[in-house]
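# Results of the structural survey
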Amino acid sequence: MKASGMVSHRAARVEGTAPRPINIGNQEPERPKAKFRCWCCGRKQEFTGETPVDAVMKARKLGWEHTIGFDIETCERCVKLGKKPDAKKAMEIGVNA
Ligand SMILES: [Zn+2]
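Notes on the structure follow. (Residues numbered from 1 in each chain as written. Predicted model: local features only at pLDDT ≥ 70, side-chain atom pairs only at ≥ 80, totals over all residues. Heavy atoms only, no water.)

Further remarks concern the overall build of the protein chain. In terms of regular secondary structure, the protein chain is built from 4 helices and 4 strands. In the protein chain, the order of α-helices and β-strands from amino to carboxyl end is α-β-β-α-β-β-α-α. Here the protein chain, with 97 residues, has 24% of them falling under the buried criterion. The long-range fraction of contacts in the protein chain, counting pairs at least 24 apart against all pairs at least 6 apart in sequence, stands at 33%. (Helix = DSSP H or I, 4+ residues; strand = E, 2+ residues; numbered from the N terminus. Buried < 20%, exposed > 50% of the residue type's maximum accessible area, 1.4 Å probe, protein only. Contact = heavy atoms within 4.5 Å.)

What follows is the structure, encoded as structure tokens:
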């Protein structure tokens with residue numbers, strides 16, 4: 001019998017500190033996602049986390065920067081290159097596209 005089957009028949013117990021969705025079969029449980037798109041190079045990256053905030057924190061740790069006012073994101077590569085957010089360019093490329 002598979003582990004997932006034992007769980008559903010209460011033959012096995014799932015223990016842990018944080019409540020997590022039980023992974024049945026090979027399906028990945030749905031996790032909160034945060035999608036980022038760099039205003040400068042157009043690179044897209046998706047982060048998953050335990051919570052939406054956790055997903056965003058992962059992006060911040062990697063170096064993605066948010067610019068309040070323009071409401072745009074700069075990827076860590078462009079941050080390192082010293083790219084400054086430009087509202088006009090952000091409008092042209094469509095930040096939320
Ligand atoms: Zn970039």
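Moving on: the coordination of the zinc ion. All of the protein donors around the zinc ion are Cys 38 (SG), Cys 41 (SG), Cys 75 (SG) and Cys 78 (SG); their distances to the metal are 2.2 to 2.4 Å. Taken in chain order, the donor set of the zinc ion reads C-x2-C-x33-C-x2-C. Among the residues examined, Cys 41 registers a relative accessible area of 44% and is labelled partly exposed. (Donors = N, O, S within 2.8 Å, 3.2 Å for Na, K, Ca; no water.)

Take Thr 67: it is sitting in strand S3 (residues 65-67). Taking C-alpha positions, Thr 67 is 9.5 Å from Lys 84, a pair spaced 17 residues apart along the chain. Ignoring sequence-local partners within four residues, the contact set of Thr 67 consists of Ile 72, Thr 74 and Pro 85.

Our next topic: the nonpolar core. One finds Ala 34, Phe 36, Cys 38, Trp 39, Cys 40, Phe 47, Ala 55, Ala 59, Trp 64, Ile 72, Cys 75 and Cys 78 forming the largest nonpolar core, which totals 12 residues. Within the residue set of this core, elements represented by two or more residues are strand S1 (33-37) and helix H2 (52-62). The contacts of Phe 36, once residues within four sequence positions are left out, are Arg 43, Lys 44, Gln 45, Phe 47, Val 56, Ala 59, Arg 60, Trp 64 and Glu 73. (Core = buried A, V, L, I, M, F, W, Y, C linked by side-chain atoms within 4.5 Å.)

Our next topic: the pairing of strand S2 (residues 44-48). Across 5 bridges, the pairing between S1 and S2 is antiparallel. The residue bridging Phe 36 from the neighbouring strand is Gln 45, located in S2. In this antiparallel pair of consecutive strands, S1 and S2, the connection spans 6 residues, and Gly 42 shows a positive phi of 80°. (Pairing = 2+ DSSP bridges.)

So, about the packing of aromatic side chains. One pass over the structure, following the stated rule, counts 2 aromatic pairs. With centroids separated by 5.5 Å and ring planes inclined at 90°, the aromatic side chains of Phe 36 and Phe 47 adopt a geometry described as edge-to-face. Residue Phe 36 is found in strand S1, and its partner Phe 47 is found in strand S2; the two are separated by 11 residues along the sequence. Both residues of the pair, Phe 36 and Phe 47, count as buried. Taking 5.4 Å as the distance between ring centres and 55° as the angle between the ring planes, the aromatic pair formed by Phe 36 and Trp 64 counts as tilted. Highlighted residues: Phe 36 in strand S1 and Trp 64 in the loop between H2 and S3, separated in sequence by 28 residues. Like Phe 36, the residue Trp 64 is buried in the burial classification. Chaining the aromatic ring pairs together yields one cluster made of Phe 36, Phe 47 and Trp 64. (Phe/Tyr/Trp six-rings, centres within 6.5 Å; stacked < 30°, edge-to-face > 60°.)

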